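Residue strings, one per chain:
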Amino acid sequence: MTSGTWSDSIPGVGTFFVGIDVAPGRYRCEEGRGGWWVRFTGPGGGDPVGSWPLPAGPTEVEISPGDFAFETHIRSVWQRVAPARASAGEAFEPRPVADPALKPELDTLVARRRPLVWLAPLTVLGIGLAGSPALGSLWLIGLAMMAVMVALGTPSMSLDLQRARELDRRRDRYLMPQDLDGPGLELLGRVQRAIDAVRDSEVNREGLLDHVDNAVTLPRQEWEIAQVLARQSRLRAEQEEPGEDDPPEVRAALRPLLDKLDQSVRAVTRRVEALERYAERARAADDALRAHRRLEAIAARAHEYDELLADTVRDDLAVPAIERLTAQGDELVRTLRHRLAEAAEAGGELPP
(Lines give C-alpha, C1' and ligand atoms only; values in the text may rest on other atoms or scores of the structure.)
Protein backbone atom coordinates (compact mmCIF):
# COMPACT_ATOMS: atom_id res chain seq x y z
CA MET A 1 0.00 0.00 0.00
CA THR A 2 1.27 3.45 -0.82
CA SER A 3 0.51 6.51 1.19
CA GLY A 4 0.64 10.27 0.81
CA THR A 5 -0.15 12.67 -2.00
CA TRP A 6 -2.82 11.34 -4.32
CA SER A 7 -2.55 10.91 -8.02
CA ASP A 8 -5.39 10.40 -10.48
CA SER A 9 -4.38 6.81 -11.23
CA ILE A 10 -4.12 3.52 -9.33
CA PRO A 11 -1.68 0.76 -10.32
CA GLY A 12 -3.36 -2.39 -11.58
CA VAL A 13 -2.03 -4.63 -8.80
CA GLY A 14 -1.96 -3.79 -5.09
CA THR A 15 -3.95 -2.78 -2.03
CA PHE A 16 -4.45 0.91 -1.25
CA PHE A 17 -5.86 2.85 1.70
CA VAL A 18 -8.72 5.14 0.69
CA GLY A 19 -8.02 8.71 1.76
CA ILE A 20 -4.34 7.99 2.33
CA ASP A 21 -3.23 6.28 -0.86
CA VAL A 22 -6.06 7.03 -3.27
CA ALA A 23 -8.77 9.63 -3.60
CA PRO A 24 -12.40 8.55 -3.52
CA GLY A 25 -14.16 8.77 -6.85
CA ARG A 26 -15.09 6.86 -9.97
CA TYR A 27 -12.22 5.00 -11.66
CA ARG A 28 -12.00 3.36 -15.07
CA CYS A 29 -9.63 0.79 -16.51
CA GLU A 30 -9.37 0.12 -20.23
CA GLU A 31 -8.84 -3.64 -19.94
CA GLY A 32 -9.97 -5.67 -16.94
CA ARG A 33 -10.40 -9.10 -18.53
CA GLY A 34 -9.91 -11.89 -16.01
CA GLY A 35 -8.92 -9.48 -13.22
CA TRP A 36 -10.75 -8.57 -10.03
CA TRP A 37 -11.18 -5.84 -7.45
CA VAL A 38 -12.34 -5.67 -3.83
CA ARG A 39 -13.60 -2.66 -1.88
CA PHE A 40 -13.27 -3.02 1.91
CA THR A 41 -16.22 -0.93 2.99
CA GLY A 42 -16.35 -1.46 6.76
CA PRO A 43 -14.27 -0.03 9.59
CA GLY A 44 -10.82 -1.57 9.72
CA GLY A 45 -11.31 -3.38 6.41
CA GLY A 46 -14.44 -5.43 7.06
CA ASP A 47 -17.45 -5.89 4.78
CA PRO A 48 -15.63 -6.57 1.48
CA VAL A 49 -17.46 -5.96 -1.79
CA GLY A 50 -15.84 -7.26 -4.97
CA SER A 51 -16.17 -8.29 -8.58
CA TRP A 52 -14.53 -11.33 -10.22
CA PRO A 53 -13.78 -12.13 -12.96
CA LEU A 54 -13.99 -8.78 -14.75
CA PRO A 55 -15.28 -8.81 -18.34
CA ALA A 56 -13.12 -8.00 -21.33
CA GLY A 57 -12.76 -4.33 -22.18
CA PRO A 58 -13.27 -1.20 -20.06
CA THR A 59 -14.78 -1.38 -16.58
CA GLU A 60 -15.48 1.15 -13.84
CA VAL A 61 -15.60 1.11 -10.05
CA GLU A 62 -16.86 3.70 -7.57
CA ILE A 63 -14.59 4.11 -4.52
CA SER A 64 -16.57 5.72 -1.72
CA PRO A 65 -15.10 8.18 0.81
CA GLY A 66 -16.27 5.76 3.51
CA ASP A 67 -14.32 2.80 2.10
CA PHE A 68 -11.32 1.60 4.09
CA ALA A 69 -9.19 0.11 1.30
CA PHE A 70 -9.25 -0.90 -2.36
CA GLU A 71 -7.56 -4.07 -3.63
CA THR A 72 -7.03 -4.61 -7.36
CA HIS A 73 -5.52 -7.17 -9.69
CA ILE A 74 -5.88 -6.16 -13.35
CA ARG A 75 -3.59 -5.84 -16.36
CA SER A 76 -4.06 -2.12 -16.92
CA VAL A 77 -4.21 0.99 -14.71
CA TRP A 78 -7.22 2.56 -13.00
CA GLN A 79 -7.73 6.20 -14.00
CA ARG A 80 -9.86 8.58 -11.95
CA VAL A 81 -12.58 9.97 -14.22
CA ALA A 82 -14.88 11.71 -11.73
CA PRO A 83 -14.97 12.76 -8.07
CA ALA A 84 -16.94 10.76 -5.55
CA ARG A 85 -20.69 11.11 -5.90
CA ALA A 86 -22.60 12.30 -2.84
CA SER A 87 -25.94 10.62 -2.26
CA ALA A 88 -28.96 12.84 -1.73
CA GLY A 89 -29.12 13.90 1.90
CA GLU A 90 -25.90 12.06 2.73
CA ALA A 91 -23.57 13.96 5.07
CA PHE A 92 -19.95 14.44 4.05
CA GLU A 93 -17.72 11.91 5.80
CA PRO A 94 -14.19 13.15 6.55
CA ARG A 95 -11.48 10.80 5.31
CA PRO A 96 -8.05 9.95 6.76
CA VAL A 97 -5.24 12.47 6.33
CA ALA A 98 -1.58 11.52 5.83
CA ASP A 99 1.70 13.39 5.97
CA PRO A 100 2.45 14.17 2.28
CA ALA A 101 6.05 13.03 2.81
CA LEU A 102 4.90 9.54 3.83
CA LYS A 103 4.21 8.17 0.35
CA PRO A 104 7.69 8.73 -1.15
CA GLU A 105 9.23 7.45 2.08
CA LEU A 106 7.27 4.19 1.96
CA ASP A 107 7.79 3.81 -1.78
CA THR A 108 11.55 4.05 -1.27
CA LEU A 109 11.55 1.45 1.51
CA VAL A 110 9.42 -0.99 -0.50
CA ALA A 111 11.47 -0.46 -3.67
CA ARG A 112 14.56 -1.63 -1.78
CA ARG A 113 12.83 -4.92 -0.95
CA ARG A 114 11.46 -5.54 -4.44
CA PRO A 115 14.58 -7.38 -5.75
CA LEU A 116 14.58 -9.63 -2.67
CA VAL A 117 10.91 -10.50 -3.20
CA TRP A 118 11.58 -11.56 -6.78
CA LEU A 119 14.27 -13.94 -5.59
CA ALA A 120 11.56 -16.22 -4.13
CA PRO A 121 10.47 -17.85 -7.43
CA LEU A 122 14.10 -18.11 -8.54
CA THR A 123 14.94 -19.87 -5.28
CA VAL A 124 12.14 -22.39 -5.80
CA LEU A 125 13.33 -23.02 -9.37
CA GLY A 126 16.92 -23.41 -8.16
CA ILE A 127 15.87 -26.06 -5.66
CA GLY A 128 14.12 -27.89 -8.47
CA LEU A 129 17.20 -27.84 -10.66
CA ALA A 130 19.39 -29.04 -7.81
CA GLY A 131 17.08 -31.93 -6.95
CA SER A 132 16.14 -33.01 -10.48
CA PRO A 133 19.11 -35.40 -11.01
CA ALA A 134 18.08 -37.43 -7.98
CA LEU A 135 14.30 -36.97 -8.01
CA GLY A 136 13.59 -36.92 -11.72
CA SER A 137 11.95 -34.60 -14.22
CA LEU A 138 8.53 -34.69 -12.54
CA TRP A 139 10.08 -33.07 -9.49
CA LEU A 140 11.50 -30.30 -11.69
CA ILE A 141 8.19 -29.80 -13.51
CA GLY A 142 6.30 -29.60 -10.22
CA LEU A 143 8.66 -27.03 -8.75
CA ALA A 144 8.65 -25.06 -12.01
CA MET A 145 4.88 -24.77 -11.75
CA MET A 146 5.23 -23.76 -8.12
CA ALA A 147 7.80 -21.12 -9.12
CA VAL A 148 5.32 -19.68 -11.62
CA MET A 149 2.61 -19.49 -8.96
CA VAL A 150 5.00 -17.83 -6.53
CA ALA A 151 6.10 -15.37 -9.23
CA LEU A 152 2.48 -14.42 -9.95
CA GLY A 153 1.32 -14.07 -6.37
CA THR A 154 4.20 -13.50 -3.98
CA PRO A 155 5.64 -10.15 -5.13
CA SER A 156 2.43 -8.12 -4.93
CA MET A 157 1.25 -9.82 -1.72
CA SER A 158 4.62 -9.52 -0.01
CA LEU A 159 5.08 -5.89 -0.97
CA ASP A 160 1.53 -5.06 0.16
CA LEU A 161 2.24 -6.64 3.56
CA GLN A 162 5.52 -4.75 3.76
CA ARG A 163 3.78 -1.45 3.03
CA ALA A 164 1.15 -2.23 5.66
CA ARG A 165 3.80 -3.01 8.28
CA GLU A 166 5.75 0.13 7.49
CA LEU A 167 2.58 2.22 7.62
CA ASP A 168 1.64 0.70 10.98
CA ARG A 169 5.04 1.71 12.36
CA ARG A 170 4.31 5.30 11.35
CA ARG A 171 0.94 5.70 13.02
CA ASP A 172 1.93 9.24 14.03
CA ARG A 173 2.21 10.19 10.35
CA TYR A 174 -1.48 9.91 9.53
CA LEU A 175 -4.76 10.68 11.26
CA MET A 176 -8.05 8.80 11.12
CA PRO A 177 -11.48 10.45 11.55
CA GLN A 178 -11.83 8.78 14.94
CA ASP A 179 -8.83 10.81 16.14
CA LEU A 180 -11.00 13.94 16.07
CA ASP A 181 -14.05 14.98 18.09
CA GLY A 182 -17.22 16.55 16.70
CA PRO A 183 -15.94 20.15 16.25
CA GLY A 184 -12.69 18.84 14.77
CA LEU A 185 -14.51 16.61 12.28
CA GLU A 186 -16.74 19.49 11.23
CA LEU A 187 -13.73 21.68 10.40
CA LEU A 188 -11.88 18.82 8.69
CA GLY A 189 -14.95 18.19 6.53
CA ARG A 190 -14.91 21.84 5.46
CA VAL A 191 -11.21 21.58 4.63
CA GLN A 192 -11.64 18.46 2.51
CA ARG A 193 -14.69 19.79 0.68
CA ALA A 194 -12.73 22.93 -0.24
CA ILE A 195 -9.69 20.91 -1.34
CA ASP A 196 -11.87 18.59 -3.43
CA ALA A 197 -13.48 21.59 -5.12
CA VAL A 198 -10.10 23.06 -6.09
CA ARG A 199 -8.52 19.77 -7.14
CA ASP A 200 -11.51 18.72 -9.26
CA SER A 201 -12.04 22.14 -10.87
CA GLU A 202 -11.54 22.42 -14.63
CA VAL A 203 -9.12 25.33 -14.27
CA ASN A 204 -6.93 23.22 -11.99
CA ARG A 205 -7.05 20.08 -14.14
CA GLU A 206 -6.08 22.10 -17.20
CA GLY A 207 -3.18 23.85 -15.46
CA LEU A 208 -4.70 27.34 -15.45
CA LEU A 209 -3.84 27.62 -11.75
CA ASP A 210 -0.25 26.62 -12.40
CA HIS A 211 1.08 29.54 -10.37
CA VAL A 212 -0.33 27.75 -7.32
CA ASP A 213 1.18 24.26 -6.97
CA ASN A 214 -1.97 22.58 -5.72
CA ALA A 215 -0.47 19.08 -5.87
CA VAL A 216 1.97 20.19 -3.15
CA THR A 217 0.12 22.99 -1.39
CA LEU A 218 -3.26 21.38 -0.75
CA PRO A 219 -2.04 18.09 0.85
CA ARG A 220 0.34 20.05 3.07
CA GLN A 221 -2.43 22.43 4.18
CA GLU A 222 -4.76 19.50 4.89
CA TRP A 223 -2.14 17.65 6.95
CA GLU A 224 -1.11 20.69 9.00
CA ILE A 225 -4.72 21.63 9.74
CA ALA A 226 -5.61 18.04 10.65
CA GLN A 227 -2.72 17.89 13.12
CA VAL A 228 -3.95 21.02 14.87
CA LEU A 229 -7.52 19.71 14.95
CA ALA A 230 -6.35 16.42 16.48
CA ARG A 231 -4.46 18.24 19.23
CA GLN A 232 -7.46 20.45 19.93
CA SER A 233 -9.71 17.37 20.11
CA ARG A 234 -7.35 15.68 22.54
CA LEU A 235 -7.19 18.72 24.81
CA ARG A 236 -10.97 19.12 24.76
CA ALA A 237 -11.34 15.48 25.78
CA GLU A 238 -8.86 15.89 28.62
CA GLN A 239 -10.14 19.20 29.88
CA GLU A 240 -13.80 19.80 30.69
CA GLU A 241 -15.50 23.15 31.08
CA PRO A 242 -15.34 24.44 34.66
CA GLY A 243 -18.46 23.46 36.56
CA GLU A 244 -20.45 25.34 39.15
CA ASP A 245 -19.28 22.95 41.83
CA ASP A 246 -15.59 23.58 41.09
CA PRO A 247 -13.75 25.77 43.57
CA PRO A 248 -12.93 29.31 42.37
CA GLU A 249 -9.24 28.37 42.22
CA VAL A 250 -9.96 25.54 39.75
CA ARG A 251 -12.13 27.77 37.56
CA ALA A 252 -9.48 30.46 37.61
CA ALA A 253 -6.80 27.96 36.58
CA LEU A 254 -8.91 26.48 33.79
CA ARG A 255 -10.08 29.72 32.26
CA PRO A 256 -6.71 30.78 30.69
CA LEU A 257 -6.26 27.30 29.24
CA LEU A 258 -9.71 27.33 27.67
CA ASP A 259 -9.12 30.84 26.33
CA LYS A 260 -5.95 29.65 24.61
CA LEU A 261 -7.85 26.72 23.13
CA ASP A 262 -10.50 29.09 21.83
CA GLN A 263 -7.82 31.30 20.27
CA SER A 264 -6.34 28.25 18.54
CA VAL A 265 -9.78 27.25 17.21
CA ARG A 266 -10.35 30.76 15.85
CA ALA A 267 -6.93 30.76 14.18
CA VAL A 268 -7.39 27.41 12.46
CA THR A 269 -10.92 28.42 11.45
CA ARG A 270 -9.47 31.44 9.65
CA ARG A 271 -7.14 29.09 7.81
CA VAL A 272 -10.08 26.89 6.84
CA GLU A 273 -11.97 29.94 5.61
CA ALA A 274 -8.97 30.89 3.44
CA LEU A 275 -9.17 27.47 1.79
CA GLU A 276 -12.91 27.91 1.26
CA ARG A 277 -12.32 31.30 -0.39
CA TYR A 278 -9.80 29.66 -2.69
CA ALA A 279 -12.34 26.95 -3.58
CA GLU A 280 -15.01 29.56 -4.27
CA ARG A 281 -12.66 31.47 -6.59
CA ALA A 282 -11.86 28.23 -8.42
CA ARG A 283 -15.58 27.57 -8.91
CA ALA A 284 -16.07 31.11 -10.23
CA ALA A 285 -13.16 30.63 -12.64
CA ASP A 286 -14.77 27.38 -13.80
CA ASP A 287 -18.00 29.25 -14.55
CA ALA A 288 -16.10 31.85 -16.57
CA LEU A 289 -14.15 29.16 -18.41
CA ARG A 290 -17.31 27.30 -19.39
CA ALA A 291 -18.95 30.53 -20.54
CA HIS A 292 -15.84 31.43 -22.53
CA ARG A 293 -15.86 28.05 -24.28
CA ARG A 294 -19.55 28.40 -24.99
CA LEU A 295 -18.94 31.78 -26.60
CA GLU A 296 -16.05 30.34 -28.62
CA ALA A 297 -18.40 27.66 -29.96
CA ILE A 298 -20.94 30.33 -30.86
CA ALA A 299 -18.26 32.47 -32.50
CA ALA A 300 -17.08 29.47 -34.56
CA ARG A 301 -20.49 29.42 -36.26
CA ALA A 302 -20.99 33.18 -36.32
CA HIS A 303 -19.83 33.43 -39.92
CA GLU A 304 -22.92 31.48 -41.01
CA TYR A 305 -25.13 34.11 -39.42
CA ASP A 306 -22.96 36.90 -40.84
CA GLU A 307 -23.39 35.48 -44.32
CA LEU A 308 -27.11 35.20 -43.78
CA LEU A 309 -27.26 38.76 -42.53
CA ALA A 310 -25.17 40.06 -45.43
CA ASP A 311 -27.50 38.35 -47.87
CA THR A 312 -30.62 39.90 -46.41
CA VAL A 313 -29.68 43.35 -45.07
CA ARG A 314 -27.24 46.07 -45.87
CA ASP A 315 -23.60 45.75 -44.85
CA ASP A 316 -23.84 48.65 -42.41
CA LEU A 317 -26.27 46.58 -40.29
CA ALA A 318 -24.02 43.51 -40.29
CA VAL A 319 -20.93 45.33 -39.00
CA PRO A 320 -22.38 46.34 -35.58
CA ALA A 321 -23.57 42.77 -34.99
CA ILE A 322 -20.07 41.42 -35.59
CA GLU A 323 -18.54 44.09 -33.39
CA ARG A 324 -20.94 43.28 -30.56
CA LEU A 325 -19.99 39.59 -30.70
CA THR A 326 -16.30 40.51 -30.67
CA ALA A 327 -16.81 42.82 -27.70
CA GLN A 328 -18.65 40.10 -25.80
CA GLY A 329 -15.78 37.71 -26.43
CA ASP A 330 -13.23 40.26 -25.25
CA GLU A 331 -15.23 40.99 -22.12
CA LEU A 332 -15.54 37.31 -21.27
CA VAL A 333 -11.81 36.78 -21.72
CA ARG A 334 -11.20 39.68 -19.31
CA THR A 335 -13.68 38.11 -16.87
CA LEU A 336 -11.92 34.74 -17.08
CA ARG A 337 -8.52 36.34 -16.48
CA HIS A 338 -9.94 38.28 -13.53
CA ARG A 339 -11.45 35.13 -12.01
CA LEU A 340 -8.17 33.25 -12.45
CA ALA A 341 -6.30 36.14 -10.82
CA GLU A 342 -8.77 36.08 -7.90
CA ALA A 343 -8.23 32.35 -7.50
CA ALA A 344 -4.47 32.81 -7.52
CA GLU A 345 -4.77 35.58 -4.94
CA ALA A 346 -6.94 33.38 -2.71
CA GLY A 347 -4.40 30.57 -3.04
CA GLY A 348 -1.64 32.98 -2.09
CA GLU A 349 -3.50 33.81 1.15
CA LEU A 350 -2.94 30.25 2.42
CA PRO A 351 -0.33 30.11 5.20
CA PRO A 352 3.16 29.17 3.96
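Every value quoted in this text rests on a predicted model; they were computed, and no experiment measured them.

Draft legend 1. Inspection of the UniProt feature "coiled-coil region" (unreviewed entry) in the protein at higher detail. Here the UniProt feature "coiled-coil region" (unreviewed entry) sits at residues 258-285. A distance of 41 Å separates the end C-alpha atoms of residues 258-285, which is 100% helix and 0% strand.

Draft legend 2. Molecular detail of unusual backbone geometry. With an omega dihedral of -10°, the bond running from tryptophan 52 to proline 53 counts as a cis peptide bond. With respect to the element layout, proline 53 can be found in the loop between strand E5 (48-51) and strand E6 (59-63).

Draft legend 3. Inspection of the pattern of salt bridges at higher detail. In total, this model carries 20 salt bridges according to the counting rule given. The partner of glutamate 224 in a salt bridge is arginine 271, and the shortest N-O contact between them spans 2.3 Å. In this pair, glutamate 224 is assigned in helix H5 (residues 214-238) and arginine 271 in helix H6 (residues 248-300), connecting sequence segments 47 residues apart. Given a relative accessible area of 24%, glutamate 224 falls into the partly exposed group. One network of salt bridges, in which partners are shared, links Glu202, Glu206, Asp287, Arg290 and Arg293.

Draft legend 4. Highlighting the environment of alanine 215. With respect to the element layout, alanine 215 can be found in helix H5. For the pair alanine 215 and proline 100, spaced 115 residues apart in sequence, the C-alpha to C-alpha distance is 10.0 Å.

Draft legend 5. A look at the sheet that holds strand E8 (residues 78-83). As summarised here, the arrangement of the four strands in space is E1-E8-E3-E6, forming an open sheet in which the pairing is antiparallel. For this open sheet the edge positions go to strand E1 (9-10) and E6, each flanked by a neighbour on one side alone. By the bridge criterion, two bridges tie E1 to E8 in an arrangement that is antiparallel. For serine 9, the partnering residue across the bridge sits in E8 and is glutamine 79.

Conventions adopted
- Residues numbered from 1 in each chain as written.
- Predicted model: local features only at pLDDT ≥ 70, side-chain atom pairs only at ≥ 80, totals over all residues.
- Heavy atoms only, no water.
- UniProt positions renumbered as here; feature names shortened; annotations may be inferred.
- Helix = DSSP H or I, 4+ residues; strand = E, 2+ residues; numbered from the N terminus.
- Salt bridge = Lys/Arg side-chain N within 4 Å of Asp/Glu carboxyl O.
- Buried < 20%, exposed > 50% of the residue type's maximum accessible area, 1.4 Å probe, protein only.
- Pairing = 2+ DSSP bridges.

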